[in-house]
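So you can see what is in the structure, the chains are spelled out below.
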Amino acid sequence: MNVRRICVLRCKSLLNSKYLRSSQIVGVRKLTSPSGSSPKVCIVGGGPAGFYTAQHLLKSHLDIRVDLFERLPVPFGLNVINTFTQTALHERCNFFGNVSVGKDVSVAELRQAYHAVVLSYGAEGNRHLGIPGEDLRGVYSAKDFVGWYNGLPGNKELRPDLSSETAVVLGQGNVALDVARILLSPLDILKKTDITQPSLEALAGSRVQRVLIVGRRGPLQVACTIKELREMVNLPGTMADMVTADFEGVASVLKDLSRPRKRLTELLLKAAQGGTSGQVGAPRQWGFRFLRSPLEILPADDLTSAAGIRLAVNVLEGSHEGARAVPTGEVEELKCGMVISSIGYRSLCIDPVVPFDQHKAVIPNTVGRVRPGAGLYCSGWVKRGPTGVIATTMNDSFDTARSLLQDLEAGVIDASSVKPGSRAVLSSLESRGVKWVSFSDWEKIDKEEVRRGQRIGKPREKILDVAEMLRVAHS
Ligand code: NAP
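Quick look at the structure, then. Residue positions are given per chain, counting from 1 as you read along its sequence in written order. Totals for whole chains, interfaces and linings use every residue, but because this is a predicted model, local features are given only for residues with pLDDT of at least 70 and side-chain atom pairs only at 80 or more, for both listing and counting. In computing side-chain values, all of the structure's heavy atoms are included and hydrogens and water are not.

Things to note about the pattern of salt bridges
So, step 1. Whenever a carboxyl oxygen of Asp or Glu lies within 4 Å of a side-chain nitrogen of Lys or Arg, that contact is scored as a salt bridge. Enumeration according to the criterion identifies 28 salt bridges in this entry.
So, step 2. A salt bridge links Lys227 to Glu231, with the shortest nitrogen-to-oxygen separation between them at 3.1 Å. Here Lys227 pairs with Glu231, and both are found in helix 9 (residues 226-233), just four residues apart, close to one helical turn.
So, step 3. Members of the salt-bridge network, linked through shared partners, are Asp178, Arg181, Lys227 and Glu231. Starting at the N terminus, helices and strands are each numbered in turn, a helix being any DSSP run of H or I of at least four residues and a strand any DSSP run of E of at least two.

Things to note about the packing of helix 6 (residues 174-184) against helix 9
So, step 1. Only the stretch in contact is used when a helix axis is fitted, and all axes are lines through C-alpha atoms; the angle between N-to-C directions ranges over 0 to 180 degrees. Direction vectors running N to C along helix 6 and helix 9 enclose 20°, while the axes themselves pass 10 Å from each other. Judged by the inter-axis angle, helix 6 sits roughly parallel to helix 9. Both helix 6 and helix 9 take part in a crossing whose hand is left-handed. In this structure, helix 6 uses Asn174, Leu177, Ala180, Arg181 and Leu184 to contact helix 9, whose residues at the interface are Glu228, Leu229, Glu231 and Met232.
So, step 2. Any residue outside Ala, Val, Leu, Ile, Met, Phe, Trp, Tyr, Cys, Pro, Asp, Glu, Lys and Arg is labelled polar, Gly included; the first ten of those are nonpolar and the last four are charged. Residue composition of the contact of helix 6 with helix 9, grouped by class: five nonpolar, one polar and three charged. Each angle gets one of four labels, with under 35 degrees taken as roughly parallel, over 145 as roughly antiparallel, 65 to 115 as roughly perpendicular, and the rest as oblique. Helix crossings are classified by the rotation of the near helix relative to the far one: an anticlockwise turn of less than a right angle makes the crossing left-handed, while a clockwise turn makes it right-handed. Contacts are assigned to residue pairs with any non-hydrogen atoms lying within 4.5 Å of each other.

Considering the packing of aromatic side chains
So, step 1. Ring pairs shown here join Phe, Tyr and Trp side chains whose ring centres sit within 6.5 Å, with only the six-membered ring taken for Trp; geometry is labelled stacked below 30 degrees between planes, edge-to-face above 60, and tilted in between. This structure, assessed with the given rule, holds twelve aromatic pairs.
So, step 2. Note on Phe96 and Trp436: the rings are 5.2 Å apart at their centroids and 80° apart in plane angle, and the pair reads as edge-to-face. Of this pair, Phe96 sits in strand 3 (residues 93-96) while Trp436 sits in the loop between helix 14 (422-431) and helix 15 (439-455), placing them 340 residues apart in sequence.
So, step 3. Owing to a relative accessible area of 5%, Phe96 belongs among the buried residues under this scheme.
So, step 4. Only protein chains enter the accessibility calculation, which uses a 1.4 Å probe; a residue whose area is less than 20% of its type maximum is buried, one above 50% is exposed, and one in between is partly exposed. Using a relative accessible area of 25% as the deciding quantity, one classes Trp436 as partly exposed.
So, step 5. A network of ring pairs unites the aromatic residues Phe51, Tyr52, Phe84 and Phe398 as a single cluster.
So, step 6. Here, a charge over a ring means that NZ of Lys or CZ of Arg falls within 6 Å of the ring centre while also lying within 35 degrees of the ring normal. Taking the ring centre of Phe398 as reference, the NZ or CZ of Lys59 above it sits at 5.8 Å.
So, step 7. Over the face of the ring belonging to Tyr345 we find Lys143, whose NZ or CZ atom lies 5.8 Å from the ring centre.

Some points on the pairing of strand 10 (residues 284-289)
So, step 1. With five of six residues buried, strand 10 lies mostly within the body of the structure.
So, step 2. By this definition, two strands are paired if DSSP reports at least two bridges between them. For strand 8 (residues 210-214) and strand 10, the ladder comprises five bridges, and the chain directions are parallel. Bridge assignment links Arg210 to a residue of strand 10, and that residue is Gln285.
So, step 3. With three bridges connecting them, strand 9 (residues 238-240) and strand 10 associate as parallel partners. In the sheet register, Thr238 faces strand 10, and the bridge partner there is Arg284.

Considering the nonpolar core
So, step 1. Leu183, Val211, Leu229, Trp286, Phe288 and Met338 are the most contacted members of the largest nonpolar core, which totals 47 residues.
So, step 2. If one sorts the elements of this core by residue count, helix 6 sits on top with seven residues.
So, step 3. Sequence-distant contacts of Phe288, that is, excluding residues within four places in its chain, are made with Gln172, Leu177, Ile213, Val222, Cys224, Leu229, Asp241, Met242 and Leu268.
So, step 4. To form a nonpolar core, buried Ala, Val, Leu, Ile, Met, Phe, Trp, Tyr and Cys residues must be joined to one another through side-chain atoms within 4.5 Å. In terms of nonpolar packing, the next biggest core, distinct from the first, is built from 38 residues, Ile64, Leu72, Phe84 and Ala401 among them.

What about the layout of surface pockets?
So, step 1. Points on a 1 Å grid, built from protein atoms alone, make a cavity when a 1.4 Å probe fits but cannot get out and make a pocket when they are open with protein on both sides within 12 Å along at least 5 of 7 lines; residues with an atom within 4 Å of a point are the lining residues. Grid points are joined across faces, edges and corners, and a volume is the space filled by probe spheres set on the points. If you add up the space inside the second largest pocket, you get close to 180 Å³.
So, step 2. If you trace the second largest pocket, you find 14 residues lining it, with Pro219, Leu220, Asp246, Val250 and Leu316 closest to the centre.

Some thoughts on helix 6
So, step 1. The element helix 6 is extensively covered by neighbouring structure, given that eight of its eleven residues are classed as buried.
So, step 2. Taken together, the buried positions of helix 6 are occupied by Ala176, Leu177, Val179, Ala180, Arg181, Ile182, Leu183 and Leu184.

A short note on the environment of Leu110
So, step 1. With respect to the element layout, Leu110 can be found in helix 4 (residues 107-113).
So, step 2. Among the residues examined, Leu110 registers a relative accessible area of 0% and is labelled buried.
So, step 3. Linking Leu110 and Ala424, residues 314 residues apart in sequence, is a C-alpha distance of 8.9 Å.
So, step 4. Residue contacts for Leu110: discarding those within four places in its chain leaves Cys42, Val44, Phe69, Val101, Val105, Val117 and Val425.

And the structure:
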């Protein structure tokens, strides 16, 4: 279970043509402006959305130049590595890491320097529970927890308290399952991954034996997908602990479900009936709890740490995926010293000049065009919200790239003017003392991380400190 590498394989398989709709296969263009200069595009965000957008632009237009700016010194966000290396190494593509757009350089400056700017910076924020007790010790956002074990520099100080026997994860999406799986994975499995050494050591001393994954709706509304559920179900040393009554009537509606939902529900039913892996008596348990909404995280006697959670008991109104949770007025309490909120991510506004819908937490757009005619685009989670698997992001980013190419071809983007591109931006960054990281600098970090990993029998040991990354990058 190599966290990064699993995603590499996933992404590679997605690049197979079966995922490409025929409408996505567009002709290759060469559209040099009358001035002879190439169209210059800047992409903000070095995660899957940014790279898929870049990949499609470079493939479909023989002259376009693409620069990618990423806040972290490392490309590909949390998990995806190698898949996009080919794009990053493309002769018409440049990667500039450790550049925070909105802070080190403004969107207005980027728009002056490039013919078009694509915002693909993802969802950096969390949805908050908005309930009492959210600030108690032992309560974490899934985003911070995932960042901690994945080696994100901003989360290295999290040091979660793993001393309680029961952990509650709020939300039933794929992130909730990732978190539950890491909390319950046997150490031997974790040791073979690129999880950071401090996280590994903390998890080695963990007393968590039981993870309850709590959702406000029912078994037919879980937000996870089958692959992630299967990984949970098959995790060695664990067994499912479900409430049989929660599944009453579920088998009888299977025939009405869409195929993916049907397969997911069948696996869920099998796990609930204890018929998945024969791990009866396993030392660690996990289970879904349904129809429960968080009301309050309850403090321990010291009033500073979490000791439990109060949940509202719901009933469902409506049916299937659109059903709504309605509180019955009944309340229930669960004892737990750790609560991880995994109710979804939230995109943030990085620059006030960019239109932003605070309610939906997305940049309003029409097929990726933010302001028609203004050379400003968006793709990925900041465009459509933090939903969907990597294939969704790929299709969505290709759509945005197509909008941009159409605008170039139609002359909506004025490519006749000569734009300075990275030359202007890098000179501003230099004057502001920003030490950016190129792709070959990142390759040095990569090599050093792999070297450090090999010394301790791991695929990689990530560098957790930005200053150290920069030292290695610029050595
Ligand atoms: P998600 O899939 O949107 O799931 C959020 C969960 O939180 C849902 O169960 C939702 O319940 C619940 N929720 C939302 N607001 C709530 C509230 N106020 N109170 C209680 N529960 C609430 O989000 P995610 O798990 O963070 O994942 C984000 C995206 O990343 C997803 O598209 C996911 O598939 C993707 N992802 C993919 C992978 C992978 O491909 N392996 C791994 C990780 C993440 P309702 O359904 O009732 O709203």
